[in-house]
Amino acid sequence: MDFTVPALPYAKDALSPAMGAETLEYHYEKHHKGYMAKLKAALEGKPEASKTLEEVVRTSSGGVFNNAAQVWNHTFWWNSLKPGGGGAPPAGDVGDLIQGLGGWEKFRADWIEAGNNRFASGWVWLVLSGGKGKIITTPNAETPLTTDDVPLLTTDVWEHAYYLDHRNNRNAFLEVVCDKLLNWDFVAKNLAAAK
Ligand code: FE2
């Protein structure tokens with residue numbers, strides 16, 4: 001494994017004002033890279049270091065799992081956002097998938113509710129489960145990568161994801177993610193790869 005976090009897919013100020021540059025600075029530079037630094041410290045020089053990140057996530061436990069999964073989840077999170085994103089998905093495969101979940105307005109309400117109801121730290125996911133779209137949440141570092149579900153989109157609901165922009169208002173963060181940031185192109189790419 002290359003113990004390097006992928007570059008952000010946009011500039012740190014590119015999501016502003018929906019998500020401020022200071023959030024990206026801390027969340028990417030300190031949190032995301034911090035998980036990778038701890039993973040590197042735990043695995044470097046050991047046989048597991050020759051595995052891919054995905055293999056480590058799927059086969060580890062404890063602290064190694066937590067750091068590896070958080071590295072993978074965060075890369076997925078940055079790709080789940082884009083400047084000028086959010087709002088209803090475009091027609092086509094992604095539009096059909098969201099329609100299958102009751103349409104954009106229902107998806108938006110369910111995504112926000114799922115995020116608000118995830119106690120403490122965790123993640124909201126859109127996954128392909130048995131060929132159908134499904135919203136799930138996971139606690140802490142848990143990830144659908146360890147299951148048969150195919151992850152398509154995520155939102156990080158750890159407090160560090162929104163505190164600088166919204167203080168303790170997770171609901172306001174989830175609304176702005178839905179309305180201004182969700183990257184449907186990434187969902188389309190993941191959906192196409194799953195077929
Ligand atoms: Fe995070």
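All values derive from a computational prediction rather than experimental measurement.

Calculation rules
Residues numbered from 1 in each chain as written. Predicted model: local features only at pLDDT ≥ 70, side-chain atom pairs only at ≥ 80, totals over all residues. Heavy atoms only, no water. Helix = DSSP H or I, 4+ residues; strand = E, 2+ residues; numbered from the N terminus. Buried < 20%, exposed > 50% of the residue type's maximum accessible area, 1.4 Å probe, protein only. Core = buried A, V, L, I, M, F, W, Y, C linked by side-chain atoms within 4.5 Å. Donors = N, O, S within 2.8 Å, 3.2 Å for Na, K, Ca; no water. Tetrahedral: all angles 85-135°; square planar, octahedral: opposite > 155°, others 65-115°. Arc of directions from axis to C-beta. Contact = heavy atoms within 4.5 Å. Polar contact = N/O pair within 3.5 Å; in protein donor to acceptor, adjacent residues only side chain to side chain.

Chemist: Could you clarify how one ought to interpret unusual backbone geometry in this entry?
Modeler: Negative phi characterises most residues that are not glycine, and trans characterises most peptide bonds. Residue Ser-16 is joined to Pro-17 through a cis peptide bond whose omega torsion reads 5 degrees. Its location among the elements puts Pro-17 in the segment before α1 (21-43). Of note in this structure, Ala-120 is not a glycine but carries a positive phi near 60 degrees. Considering the arrangement of structural elements, one finds Ala-120 in the loop between α5 (104-117) and β1 (122-129). Residue classification places Ala-120 among the partly exposed residues on the basis of a relative accessible area of 43%. If you check the backbone angles, Asn-140 has positive phi at about 55 degrees while not being a glycine. According to the relative accessible area criterion, Asn-140 is partly exposed, its value standing at 43%.

Chemist: Teacher, can you tell me more about the nonpolar core here?
Modeler: Nonpolar side chains in soluble globular proteins tend to be buried together. Ranked by internal contacts, the top residues of the largest apolar core, which has 61 residues, are Leu-81, Phe-107, Leu-126 and Trp-184. If you tally residues by element for this core, the top one is helix α3 (residues 62-79), at 8 residues.

Chemist: Would you mind going over the coordination of the iron ion with me for this structure?
Modeler: Metal coordination angles have textbook ideals: 109.5 degrees for a tetrahedral set of four donors and 90 or 180 degrees for an octahedral set of six. Protein ligation of the iron ion involves His-27 (NE2), His-74 (NE2), Asp-156 (OD) and His-160 (NE2), the donor distances falling in the range 1.9 to 2.1 Å. Considering all 4 donor atoms around the iron ion, angles at the metal cover 90 to 131 degrees and the coordination shape is tetrahedral. Between consecutive donor residues of the iron ion, the sequence gaps follow H-x46-H-x81-D-x3-H. Taken together, the residues span a long stretch of sequence, with His-27 in helix α1 and His-160 in the loop between β3 (150-156) and α6 (163-166) at a distance of 133 residues. You'll find His-27 and His-160 in the same group, each marked buried.

Chemist: Explain helix α8 (residues 184-194) here, please?
Modeler: One full turn of an α-helix is made of 3.6 residues, so residues set three or four places apart face in the same direction. Taken together, the buried positions of α8 are Trp-184, Phe-186, Val-187, Asn-190 and Leu-191. Down the axis of α8, the smallest arc covering the buried residues is 150 degrees, so these residues share one side. Turned more than 90 degrees away from the buried face of α8 sit Lys-189, Ala-192 and Ala-193, all of them exposed. Structurally, α8 contributes buried residues whose contacts are with α3, α4 (93-99), α5, β1 and β3. With a side-chain oxygen positioned 3.1 Å from the backbone nitrogen of Asp-185, the residue opening α8 is Asn-183.

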